[in-house]
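# Examination of the molecular architecture
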Amino acid sequence: MDLTKYTHATVVLAKGEHTLVIDPGAYTPNSAELVAGTTAVLVTHDHPDHFDASVLTVALDAQPELRVWAPANVAAELGDHDGRVTSVTAGDQFDAAGFAVHVVGGEHAVIHRDIPTMSNVGFIVDGVLYHPGDAYFVPEQSVETLLVPTSGPWAKLGELVDFVRAVQPTRAVQIHDLMLSEVGKGSFAQFAGQLTGVDLVTLADGETIAV
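The structure presented is a predicted model; accordingly, all values stated were derived computationally and were not measured. Position labels on residues start from 1 in each chain and follow its written sequence. In keeping with the model being predicted, local features are shown solely for residues with a pLDDT of at least 70 and side-chain atom pairs are shown and tallied solely at 80 or more, while totals for entire chains, interfaces and linings include all residues. Side-chain measures were taken over the full set of non-hydrogen atoms in the model, leaving aside hydrogen atoms and water.

## Observations concerning the pattern of salt bridges
- Salt bridge, as applied in this entry: a Lys or Arg side-chain nitrogen positioned within 4 Å of an Asp or Glu carboxyl oxygen. Enumeration over the complete set of coordinates arrives at five salt bridges.
- Between Lys-15 and Asp-126 there is a salt bridge; the shortest N-O distance is 2.7 Å. You can see Lys-15 sitting in strand 2 (residues 11-15) and its partner Asp-126 sitting in the loop between strand 9 (119-125) and strand 10 (129-131), a full 111 residues away along the chain.
- Judged by its relative accessible area of 29%, Lys-15 is partly exposed.
- The shortest N-O distance in the salt bridge between Asp-177 and Lys-185 comes to 3.9 Å.
- Think of it in three bands: with a 1.4 Å probe and only protein chains considered, a residue is buried below 20% of the maximum accessible area for its type, exposed above 50%, and partly exposed in between. By relative accessible area, Asp-177 is classed as buried at 2%. Segments assigned H or I by DSSP are reported as helices when at least four residues long, segments assigned E as strands when at least two residues long, and all are numbered from the N terminus.

## Quick word on the packing of aromatic side chains
- Each aromatic pair joins two rings of Phe, Tyr and Trp (for Trp, the six-membered one) with centres within 6.5 Å, and gets the label stacked for planes under 30 degrees apart, edge-to-face for over 60, and tilted for any other angle. Under the definition given, this model contains four aromatic pairs.
- Ring geometry for Tyr-136 versus Phe-163: centroids 5.2 Å apart, planes at 40 degrees, classification tilted. Here Phe-163 lies in helix 4 (residues 157-167) and Tyr-136 lies in the loop between strand 10 and strand 11 (145-149), a separation of 27 residues in the sequence.
- Note on Phe-163: relative accessible area 2%, which makes it buried.
- We note Lys-15 situated over the ring of Phe-99; from NZ or CZ to the ring centre the distance is 4.5 Å. Remark: a charge is flagged as sitting over a ring if the NZ atom of Lys or the CZ atom of Arg is within 6 Å of the ring centre and within 35 degrees of the ring normal.

Keep in mind these values describe shape, not function.
If you want it as structure tokens, here you go:
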């Protein structure tokens, strides 16, 4: 399976002719193009950097094979589209375009005590890769590749380090990084590597690696 990282939180997984797009949000300039090239989309939560309702609504109308899996509030905003939009919660398991998906988590990381907690799910794909959305939720399952959010109003280096230590992946890949400069990404990678013993890989937008 190949992983291609795009701007901020958006990633595309590819296996043969099949692709799976995770979190094609409004911060990703080519999210509409990525969705147009797939039949399966996963959404972790309804923040605009992860979920662009207009892009997905247009795509669902134009692409009869497209399916979307997302938390209940996202699914409700998109509508049913003849059963092609599915609400998911922690514990669900399903096949998305040939990818085995297990849903974990349930809550967004705390931004501030005055902001109500919102829903956020993570996705473990093919038992090897974990996209946590906006959370440092530690799943029961072990994974080889962990996608690690590194910037945002809720992100904290100390919690990131504890997250990587707890998950114990073979590889960690930096995502959710739009708010960091190149120097900032390098700093986070250096601290994370030193404190966890796991290299935090920094990919350029559009760069692909095998996972």
